[in-house]
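Examination of the molecular architecture
What follows is each chain in one-letter form.
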Amino acid sequence: MIISNKPVQYLLVTLLALTSSINFASTPVDSASAAHENVELAEGSHAETNGHGETVAHKVEEEFNASELINSHIGDAHDFHIADWDGHPISFSLPVILWTANGLEIFSSAKFHHDNSGEHVVDINGQKFVRYKEIIFYADKFEGLSQEVKDNGAFAFDARPLDFSITKNVFSMLMSAIILFLVFFAVARSYKKNDKAPTGLAGFLEPLVTFVRDEIAIPNIGTKKYAKYMPYLLTIFFFIWINNLIGLIPFFPFSSNLTGNIYFTFVMAFITFVVTTLSGNKNYWGHIFNTPGVPVWLAPIMIPVEIIGMLTKPFALMIRLFANITAGHIIILSLVSLIFIFKSVAIGPVSGAFVLFMSVLEMLVAALQAYVFTLLSALFIGQAVEEHDHH
């Protein structure tokens with residue numbers, strides 16, 4: 001049995017029963033919209049006089065912003081928003097780990113506070129940092145950046161310290177990896193103790209592992225070479241599946257959108273690209289640089305086309321997973337937002353019914369996208385290791 005040979009290399013999916021149909025209603029809007037905690041008598045409020053002749057300010061209810069709610073959820077964050085109590089958010093703050101000009105700095109994300117400009121700032125050991133859209137900048141360099149650079153701050157390397165922070169997505173990734181390792185390790189131990197038909201968790205997982213082997217690996221890679229790639233294929237299948245499911249669970253410590261993050265899908269697709277490229281045999285490279293049946297004079301055209309084809313494969317993997325998972329989250333959040341947009345009780349049951357339907361559908365999509373990513377990875381690897389018969 002595959003699991004008993006290399007338990008450390010195989011990851012498990014834990015199917016969790018979802019009991020909530022509305023997953024993201026407690027997600028906070030962008031923090032920049034709440035820059036000033038103490039509201040003064042100004043725009044957005046009105047005043048009246050009470051019975052004692054004192055002026056009392058009343059804050060006008062802000063218009064619900066669905067796009068802020070959606071962007072807040074599908075993006076990453078330095079803390080988990082758990083609930084609101086008496087108008088104040090209850091959050092689980094995560095550690096911020098920065099490599100700065102003065103060395104390593106580690107502190108809680110709760111230390112960020114609003115300054116007069118409305119930005120999240122923190123002063124650590126004489127260095128001031130600004131957090132803008134969950135990206136951390138040096139405060140002195142942040143002011144000189146254009147708005148376009150601020151909005152695309154991931155690439156403003158000169159204005160940022162090296163950021164190794166544990167964000168929601170990183171926390172979710174580490175948590176799922178640890179859970180999968182522990183459960184698969186337990187399953188492997190059960191195989192050592194029981195040489196008969198597997199029971200319990202092992203009995204549940206064996207058909208899944210067999211499915212990946214018999215329906216994905218062997219048909220696409222072949223019976224001679226499939227075993228070499230089984231650890232990788234099982235890893236991405238279970239890892240993507242469980243993180244898809246984690247994104248559907250509304251409460252802490254879940255609710256992250258890891259597989260809907262394009263940086264994550266890029267890394268997963270890049271690993272498949274590296275495995276495929278390193279596995280390529282002479283037939284694979286010969287097809288790229290000397291396409292059979294093509295005249296020599298077409299080589300300057302065909303070689304770039306084949307190379308572009310190599311790059312579009314991982315690109316398709318990256319976009320497919322990212323787009324499908326993100327689209328599902330956006331649809332569910334949009335349906336929830338209808339209740340607050342129309343401010344009507346009549347919309348609640350209709351919106352709730354559609355949200356329930358979409359949540360169940362997303363559970364299917366979670367498994368389907370893990371299957372598709374693994375299937376295409378196996379297909380690309382199979383093309384790289386395929387041997388052609390010579391007659």
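Residues numbered from 1 in each chain as written. Predicted model: local features only at pLDDT ≥ 70, side-chain atom pairs only at ≥ 80, totals over all residues. Heavy atoms only, no water.

The test is simple: UniProt positions are given in the numbering used here, feature names are shortened, and annotations may be inferred rather than shown by experiment.
Looking at an unreviewed UniProt entry, the chain carries the name ATP synthase subunit a, with the source organism given as Flavobacterium oncorhynchi. Comment text from UniProt for the chain, heading Sequence similarities (unreviewed entry), reads "Belongs to the ATPase A chain family." Under the UniProt heading Function (unreviewed entry), the entry covering the chain gives this text: "Key component of the proton channel; it plays a direct role in the translocation of protons across the membrane."

**Observations regarding the packing of aromatic side chains**
The test is simple: Stacked, tilted and edge-to-face pairs are distinguished by plane angle, under 30 degrees for stacked and over 60 for edge-to-face with tilted covering the rest, among Phe, Tyr and Trp rings (Trp via its six-membered ring) whose centres lie within 6.5 Å. Secondary structure elements follow DSSP: runs of H or I of four or more residues count as helices, runs of E of two or more count as strands, with numbering from the N terminus. When accessible area is computed with a 1.4 Å probe and restricted to protein chains, residues below 20% of their type maximum are described as buried, those above 50% as exposed, and intermediate ones as partly exposed.
By the definition in use, this model includes 19 aromatic pairs. For the pair F237 and W241, a centre-to-centre distance of 5.5 Å together with 65 degrees between the ring planes defines the contact as edge-to-face. A residue pair is termed a helical-turn pair when its members lie 3 or 4 positions apart in one helix, as F237 and W241 do in helix 7 (residues 226–246) at four residues. Comparing F237 with W241 shows no difference in burial state: the two are buried. Both rings, one in F270 and one in F273, keep their centres 6.4 Å apart while their planes meet at 35 degrees; by these two values the pair is tilted. With F270 and F273 both in helix 8 (residues 262–279) and three residues apart, the pair spans about one turn of that helix. You can call F270 partly exposed: its relative accessible area is 43%.

**A look at the UniProt feature "transmembrane region" (unreviewed entry) in the chain**
In the numbering used here, UniProt assigns the feature "transmembrane region" (unreviewed entry) to residues 170–188, 232–254, 260–280, 292–311, 317–342 and 354–381. A helix fraction of 65% and a strand fraction of 0% characterise residues 292–311, whose end C-alpha atoms lie 21 Å from each other.

**Points about the pairing of strand 3 (residues 79–85)**
Here is the rule we go by: Strands qualify as paired when DSSP identifies two bridges or more between them.
Relative to strand 4 (residues 88–93), strand 3 is paired through six bridges, and the arrangement is antiparallel. Following the sheet pairing, F80 is matched in strand 4 by F92.

**With respect to helix 6 (residues 200–221)**
Short version of the rule: Here, expected helix span is obtained from the residue count minus one, scaled by 1.5 Å. Note on bend: at a given residue it equals the angle between the axes fitted to the 7 residues ending there and to the 7 starting there.
Taking 1.5 Å per residue as the helical rise, helix 6 with its 22 residues ought to reach 32 Å, and the 31 Å between its terminal C-alpha atoms agrees with that figure. Roughly 25 degrees is the biggest bend found in helix 6, and it falls at R213. Of the positions making up helix 6, those classed as buried are A202, L205, L208, V209, V212, I216, A217 and I221.

**Regarding the nonpolar core**
Put simply, the rule reads: Here, nonpolar core refers to any group of buried Ala, Val, Leu, Ile, Met, Phe, Trp, Tyr and Cys residues whose side-chain atoms link them within 4.5 Å. Any two residues having at least one pair of non-hydrogen atoms within 4.5 Å are treated as being in contact.
Ranked by size, the top nonpolar core spans 48 residues in total, and within it I221 and L233 carry the most contacts. Of all the elements in the fold, those that place two or more residues in this core are helix 5 (168–193), helix 6, helix 7, helix 8, helix 10 (299–342) and helix 11 (347–385). With 15 residues, the top contributor of residues to this core is helix 7. Beyond its immediate sequence surroundings of up to four residues, L233 is in contact with V212, A217, I221, T374, S377 and A378.

**Some thoughts on the pairing of strand 8 (residues 120–124)**
Most of strand 8 sits inside the fold, with four of its five residues counted as buried. Bridge count for strand 7 (residues 113–114) against strand 8 is two bridges, and the pairing is antiparallel. Within strand 8, the position partnered with H113 by the bridge is V121. The turn joining strand 7 and strand 8, which pair antiparallel and follow one another in sequence, is formed by five residues; a positive phi near 90 degrees is taken by G118. Strand direction decides the pairing type here: strand 8 and strand 9 (residues 127–132), joined by five bridges, are antiparallel. By the bridge assignment, H120 is partnered in strand 9 with R131. In this structure, the hairpin formed by strand 8 and strand 9 is closed by a connection of two residues, where N125 is found at a positive phi of approximately 50 degrees.

**Topic: the sheet that holds strand 7**
The strand order across the open sheet built from four strands is 7-8-9-10, with neighbouring strands paired in antiparallel fashion. Each edge of the open sheet carries a strand with a single partner, namely strand 7 and strand 10 (135–138).

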